[in-house]
Amino acid sequence: TLGGTQGGNVILSLRCELERQGMYVGDWSVMAESSVGVQLDINPTGKWGGTVQLLGKDTVADNWEDAVSWAFLRYRFNPDWTLRVGRIGIDQYMLSEYRYVGFSYLWSRPPMEFYTLASFGFFDGLDLAWTTSLGSGTLMAKLQAGQMGNTYEVEGNELELRLKPIFGGTLHWESDHWLARISALRLRFDEREDYFPGTQLLAEALGNPALAPFWPQATAYSDDFLLDDPYVHYLSAGVAY
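Residues numbered from 1 in each chain as written. Predicted model: local features only at pLDDT ≥ 70, side-chain atom pairs only at ≥ 80, totals over all residues. Heavy atoms only, no water.

Peer 1: Please clarify how the overall build of the protein chain should be interpreted in this entry.
Peer 2: Counting its secondary structure elements, the protein chain contains four helices and 11 strands. In terms of overall dimensions, the protein chain has C-alpha extents of about 70 × 40 × 35 Å along its principal axes. With 241 residues in all, the protein chain has 38% of them scored as buried. Once local pairs closer than 6 in sequence are excluded, the contacts in the protein chain between residues at least 24 apart make up 52%. Just so you have it, the protein chain exposes about 14,500 Å², and 62% of that area is on carbon and sulfur atoms. (Helix = DSSP H or I, 4+ residues; strand = E, 2+ residues; numbered from the N terminus. Buried < 20%, exposed > 50% of the residue type's maximum accessible area, 1.4 Å probe, protein only. Contact = heavy atoms within 4.5 Å. Areas by Shrake-Rupley, 256 points an atom, 1.4 Å probe, with all protein chains shown as cover.)

Peer 1: Please clarify how the nonpolar core should be interpreted in this entry.
Peer 2: For soluble globular proteins, nonpolar side chains are generally found buried alongside one another. Judged by nonpolar contacts, the single largest core of 20 residues is most densely connected at I90, F120, M148, L163 and I166. Of all the elements in the fold, those that place two or more residues in this core are β5 (68–76), β8 (137–154), β9 (157–174) and β10 (179–189). With residues up to four places along the chain from it excluded, the contact list for M148 reads I90, F120, F122, F123, L161, R162, L163, I166, L185 and L187. (Core = buried A, V, L, I, M, F, W, Y, C linked by side-chain atoms within 4.5 Å.)

Peer 1: Is there a simple way to think about the packing of aromatic side chains in this case?
Peer 2: Geometrically, a pair of aromatic rings is defined through the distance of the ring centres and the angle of the planes. With the rule as written, the count across this model stands at 11 aromatic pairs. Ring centres 4.9 Å apart and planes at 80° place the aromatic pair F114 and Y115 in the edge-to-face group. Members of the aromatic cluster, each reached through a chain of ring pairs, are W48, Y75 and F77. Sitting above the plane of the F72 ring, R84 keeps its charged end 4.7 Å from the centroid. Over the ring of Y231 we find R186; its NZ or CZ atom is 4.0 Å from the centre of that ring. (Phe/Tyr/Trp six-rings, centres within 6.5 Å; stacked < 30°, edge-to-face > 60°. Lys NZ or Arg CZ within 6 Å of the ring centre and 35° of its normal.)

Peer 1: What is the right way to read the pattern of salt bridges from this model?
Peer 2: When their charged atoms lie close together, side chains carrying opposite charge are able to pair. Taken as a whole and judged by the stated rule, the model has 11 salt bridges. Taking the shortest distance from any N to any O, the salt bridge between K57 and E19 comes out at 2.7 Å. A residue pair is termed long-range when its members are at least 10 positions apart, and K57 in strand β4 (residues 48–57) and E19 in the loop between β1 (5–6) and β2 (28–29) qualify at 38 residues. Both residues of the pair, K57 and E19, belong to the buried class. Close ionic contact of R87 with E65 constitutes a salt bridge, the shortest N to O distance being 3.8 Å. Of this pair, R87 sits in strand β6 (residues 81–89) while E65 sits in helix α1 (residues 64–67), placing them 22 residues apart in sequence. Judged by its relative accessible area of 55%, E65 falls in the exposed class. (Salt bridge = Lys/Arg side-chain N within 4 Å of Asp/Glu carboxyl O.)

Peer 1: What is the right way to look at the sheet that holds β10 in this model?
Peer 2: Remark on secondary structure: sheet strands pair via backbone hydrogen bonds, oriented parallel or antiparallel. Spatially, the nine strands line up as an open sheet ordered β3-β4-β5-β6-β7-β8-β9-β10-β11, and their pairing is antiparallel. Edge strands, defined here as strands with exactly one partner in the open sheet, are β3 (35–42) and β11 (231–240). Across the sheet, the axes of successive neighbouring strands diverge by a mean angle of 20°, strand direction being ignored. Where β10 meets β11, 10 bridges bridge the pair, whose relative direction is antiparallel. Each bridged residue has a counterpart across the sheet, and for A184 the counterpart in β11 is L235. (Pairing = 2+ DSSP bridges. Axes fitted to C-alpha atoms, helices over the stretch in contact; angles between N-to-C directions.)

Peer 1: Got a minute to help me understand the environment of G22 in this structure?
Peer 2: If you trace the backbone, G22 turns up in the loop between β1 and β2. When the C-alpha positions of G22 and G7 are compared, they lie 9.4 Å apart, and in sequence the two are 15 residues distant. Apart from the residues within four sequence positions on either side, G22 is in contact with S13, L14 and R15.

So, in structure tokens, the structure goes:
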């Protein structure tokens, strides 16, 4: 996929994804949208198989580890049950399987209002899927468990966000014309952070005693940024025709 974009100014940046570098000065760039990928599928037997997918794009971290977006072994117990172990695509979005394959959807990019914030593309762990025929289509139920992370830029500083463990489930029904999906995910932030990632400077400023005479509620707002409960519950649902 090759894309040229112009956007941003000295203060505000344009980002198609939070993990990519922001565009600030309003110049043209091919780095904000372009990507290149290759995928290798191996199926030595009817039961055993595997997939490796490499994805190259401009990111904040720019490391080879994150370029490996899929790398898993697959075992089919029977036509209905499948187990995968390794680095697997996170199965929470309508475009989970082909988000970076530009000719697979009608837009120039996936809708930014949703997918800019959906910056986790894969996790390290396992998933177990069960499929069966239902009506005119196929129903799949899947359970996932593992850990994931990503690197972002916040106020000019790199922020590594790590979530472990994660537990999730997906119900997915697809026919020739219709696709319906509902997914739920439970995440836990790494305990190394006292504040929600990226909010420590703001929280400490609100908690400054010098602010109390002018804004008594500031300290209470500061406490809201603390990760007292490091768990996040994520629910998504969608229908496509």
